[in-house]
Amino acid sequence: MSFYEEYKRVKNIDFYSFFAQVTKYDVEKVLAKDRLREEDFLVLLSPVASDYLEEMAQKAHKLTVQNFGKVIFLYVPLYLANYCVNQCAYCGFSVKNGFKRNKLTINQVEEEAKAIMDKGIKDLVVLTGESRKHSPVSYIKDSIKILTEYFSSIAIEVYPMKTEEYKELVEAGVDGLTIYQEAYNEEIYDEVHITGPKKNYRFRLDAPERGCQAGMRRVNIGPLLGLDDWRKEAFFAGLHANYLQNNYMDTEISLSLPRLRPHLGSFQSNSIVDDLALVQIILAYRLFLPRVGISLSTRESDKLRDNLLPLGITKMSAESSTAVGGYAKDKGVKQFDISDERTVAEIKELLLNRGYQPVFKDWQQL
Amino acid sequence: MEDKLIIGGVELESRLFTGTGKFPSKEVIRETLEASNSQVVTMALRRVDFDNPEENVINYIPDNFTLLPNTSGARTAEEVVRIARIAKAAGCGNWIKIEAISDNKYLMPDNQETIKATEILAKEGFVVLPYVSPDLMVAKRLEEVGAAAVMPLGAPIGSNRGLKTKELIRILIDEINLPIIVDAGIGKPSHAAEAMEMGADAVLVNTAIATASDPVKMAQAFDYAVQAGRIAYLAGLGAVKDYASASSPLTGFLKGE
């Protein structure tokens, strides 16, 4: 079983003809439905539906409050290493970018853990650059053993692994997996991943499913918005989340919406994903998948994040550093520039002022 | 005669159980619980932060409440048991609401895993309140293995759809010798009253209160509705007739009318 079969089924849809035929009446019909099908989801991503953002937002807000309540889960990313063996056109960690690479020692991992813990955060996403050589599974596992003493929930965002490797990490205390497909469009995926093991589209596409099979409690996926037409990429990612949710009901599935950010390098985006587009994607996701979590990182500006809050968001990062060792000591090359630089305390205050409860802990290590 | 509900040796006057999830702030939780007149409150152990007093939801629960930690997040009996033991060791008492859910799309309880966990925890001395899909045989089995009550769902969690499983819950009320506490799906005070009128022993309400525009007022409304429903049940509802008492009876000729 693989989502690849689903992808092959829909990849050649004539999206532009479909969108050209969508009418206002079609959008209104979808908005009146309780349960949406694949075609309905595509209608919500159409240009015509962009005239219905307010109606979609009202419904999305209601569904989010009903399913998740007036709460927002907070997390922080922790970069263990920035060694990478891939050449990706859009990423600051690309092997072709000359900067001093860094990797935390186990002692430094603990220093970072303490610095993050002081902010009150209990939910961690552990990241490395994609290098099995510099960040082997054993290194990640050793780091996790330390981190489980400080955090109640730990996810990994690293290179795709085999099921057995994911199982090893689950046993070590990892309960979540984040892995972005970057580009669902297979041809564009091949173009932007110039050299390195990341060129293997299928191995990456099936990684979330392997994570589910390995017993990850939660799996977070998403496209890197900007590599291809966002309407298509958002559609494929939504179908991927739906596929995982239907086939692995015991895993909590969530979606992220990273947009390309300034980084080391000169890659130009293939598709501009403006704020209007981002809003339409969030709303379409919420209406199509009412129980799926939607995560928003500090890549987005403070003002935009504040306004996106009631539209379907369930999880936010706060006071993130994308540099290796960036919490205990503020130095190092960042994977990308963050936009919302507010502290955890400031985000907490904002949430409370907006009528949302910030949730720092949402899992108990067993 | 006083009308009391006794669970695990605790006498309860209020038949409204409340929850702590989905609220906009912890301060609102405290105010709402006080307004609800409730005596039992459930909270997800997964969200309880014992290391951080400010974030620990337990510190916002008034002292006179009986804590009912739940095993939200558990997918199997084994996980349920581990969470229950953590809760007890952390000083949350020996009441436990079992939630064994391995379906993240609809959040439907896994009855088989729930029975397994109930048996283990009841033997360990827990007061076990299992959350289940309403099924007579499952409820009977729960009774056999030592559950302190049975908590059937009225509709999927958070759906606010009301008593969609009414006929099945009615069978549990008639056949099971344990308190039946309707949990999940109750979206309006009238739904709660309906459950109480049909003879449920209590109801647990969370989403409908927590996500109301004014949770404090909604908690009061549920308190009244549960009381009204209970009084109506005790008073004995009038029989519902399928036909009117005709002023021109069709069979009057038999009596010479």
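Conventions used here
Residues numbered from 1 in each chain as written. Chains lettered and ligands numbered in written order. Predicted model: local features only at pLDDT ≥ 70, side-chain atom pairs only at ≥ 80, totals over all residues. Heavy atoms only, no water. 1 Å grid on protein atoms, 1.4 Å probe; cavity = no way out; pocket = protein on both sides within 12 Å on 5 of 7 lines; lining within 4 Å. Points joined across faces, edges and corners; volume = space filled by probe spheres on them. Helix = DSSP H or I, 4+ residues; strand = E, 2+ residues; numbered from the N terminus. Nonpolar A, V, L, I, M, F, W, Y, C, P; charged D, E, K, R; others polar. Buried < 20%, exposed > 50% of the residue type's maximum accessible area, 1.4 Å probe, protein only. Pairing = 2+ DSSP bridges. Right-handed = clockwise from strand over helix to strand, strands pointing away. UniProt positions renumbered as here; feature names shortened; annotations may be inferred. Contact = heavy atoms within 4.5 Å. Phe/Tyr/Trp six-rings, centres within 6.5 Å; stacked < 30°, edge-to-face > 60°. Lys NZ or Arg CZ within 6 Å of the ring centre and 35° of its normal. Salt bridge = Lys/Arg side-chain N within 4 Å of Asp/Glu carboxyl O. Patch = residues over 30% accessible without salt bridge, like charges linked within 9 Å, V, L, I, M, F, W, Y side chains within 5 Å. Areas by Shrake-Rupley, 256 points an atom, 1.4 Å probe, with all protein chains shown as cover. Lys, Arg positive; Asp, Glu negative; His and termini not counted. Charge placed at Lys NZ, Arg CZ, Asp CG, Glu CD.

Of the voids in this model, the largest pocket is the one considered here, and its volume is about 1,000 Å³. What lines the largest pocket is a set of 35 residues, among which Asp34, Leu63, Asn67 and Pro290 of chain A together with Arg161 of chain B lie closest to the centre. Secondary-structure elements contributing two or more residues to the lining of the largest pocket are helix H4 (38-44), helix H5 (53-68), helix H12 (230-247) and helix H13 (275-288) of chain A. It is H5 of chain A that provides the largest number of residues to the lining of the largest pocket, a total of seven residues. Taken together, the residues that form the lining of the largest pocket break down as 14 nonpolar, 11 polar and 10 charged.

Below, the discussion takes up the pairing of strand E10 (residues 202-205) of chain B. Residues and elements named next belong to chain B. By the alternation rule, side chains of E10 split into Ala202 and Leu204 and Val203 and Val205, which are all buried. The pairing of strand E3 (residues 16-19) with E10 spans three bridges and is parallel. Across the sheet, Phe17 pairs through a bridge with Leu204, a residue of E10. Bridging between strand E9 (residues 181-183) and E10 involves three bridges; their strand directions are parallel. Across the sheet, Val182 pairs through a bridge with Val203, a residue of E10. Assessed by its sense of winding, the connection that carries the chain from E9 through helix H6 (residues 189-197) to E10 is right-handed.

A few words on the UniProt feature "active site" (unreviewed entry) in chain B. UniProt's feature table lists "active site" (unreviewed entry) at Lys97 of chain B, given in the numbering used throughout. Excluding its chain neighbours within four sequence positions, the residues that come into contact with Lys97 of chain B are Thr42, Leu68, Pro69, Asn70, Thr71, Leu129, Tyr131, Met151, Asp183 and Leu204 of chain B.

Further remarks concern the packing of aromatic side chains. Residues and elements named next belong to chain A. Under the criterion given, the structure shown has 16 aromatic pairs over all chains. Between Phe15 and Phe19, the aromatic rings sit 6.4 Å apart at their centres with planes inclined by 45 degrees, giving tilted as the arrangement. Separated by four residues within a single helix, Phe15 and Phe19 lie in helix H2 (residues 15-21), roughly one turn from each other. On the accessibility criterion, Phe15 (3% relative accessible area) is buried. We classify Phe19 as buried; its relative accessible area is 7%. Ring plane angle 75 degrees and centroid distance 5.7 Å describe the contact between Phe15 and Phe235, whose orientation is recorded as edge-to-face. Linking Phe15 in helix H2 with Phe235 in helix H12, this pair joins segments that are 220 residues apart in sequence. The burial state of Phe15 is the same as that of Phe235; both residues are buried. In this structure, Lys103 is placed above the aromatic ring of Tyr139, and the distance from its NZ or CZ to the ring centre is 4.3 Å.

Residue and element names in this part refer to chain A. Scanning the model with the defined rule gives 44 salt bridges over all chains in all. Here Glu38 and Arg9 are joined by a salt bridge, their closest N and O atoms 2.9 Å apart. Note that Glu38 is positioned in helix H4 and Arg9 in helix H1 (residues 3-10), a separation of 29 residues in sequence. In this structure Arg9 comes out as partly exposed when scored by relative accessible area, which is 45%. The partner of Lys11 in a salt bridge is Glu187, and the shortest N-O contact between them spans 3.9 Å. Placement of Lys11 in the loop between H1 and H2 and of Glu187 in helix H9 (residues 186-192) is noted, with a sequence separation of 176 residues between them. On the accessibility criterion, Glu187 (46% relative accessible area) is partly exposed.

We now examine empty space enclosed by the protein. All names here are of chain B. Following the criterion strictly, the structure yields two cavities of 30 Å³ or more and no others. The volume enclosed by the second largest cavity comes to roughly 30 Å³. Residue lining of the second largest cavity: Thr18, Gly19, Phe23, Thr32, Leu33, Val205, Asn206 and Ile209, and that is the complete set. Counting residues per element, the ones that place at least two in the lining of the second largest cavity are E3 and helix H1 (26-36). Tallied by class, the residues present in the lining of the second largest cavity amount to four nonpolar, four polar and no charged.

All names here are of chain B. Burial along E3 is two-sided: Leu16 and Thr18 facing one way and Phe17 and Gly19 facing the other are all buried. Judged from the three bridges that link them, E3 and strand E4 (residues 40-44) form a sheet pairing that is parallel. Looking at the pairing, Phe17 lines up with Val40 of E4. Each parallel crossover has a hand, and the one from E3 via H1 to E4 is right-handed.

Residues and elements named next belong to chain B. On the surface, a cluster of negative charge is made up of Glu27, Glu31, Glu34 and Asp214. Within the fold, Glu27 resides in helix H1. Residue classification places Glu27 among the partly exposed residues on the basis of a relative accessible area of 44%.

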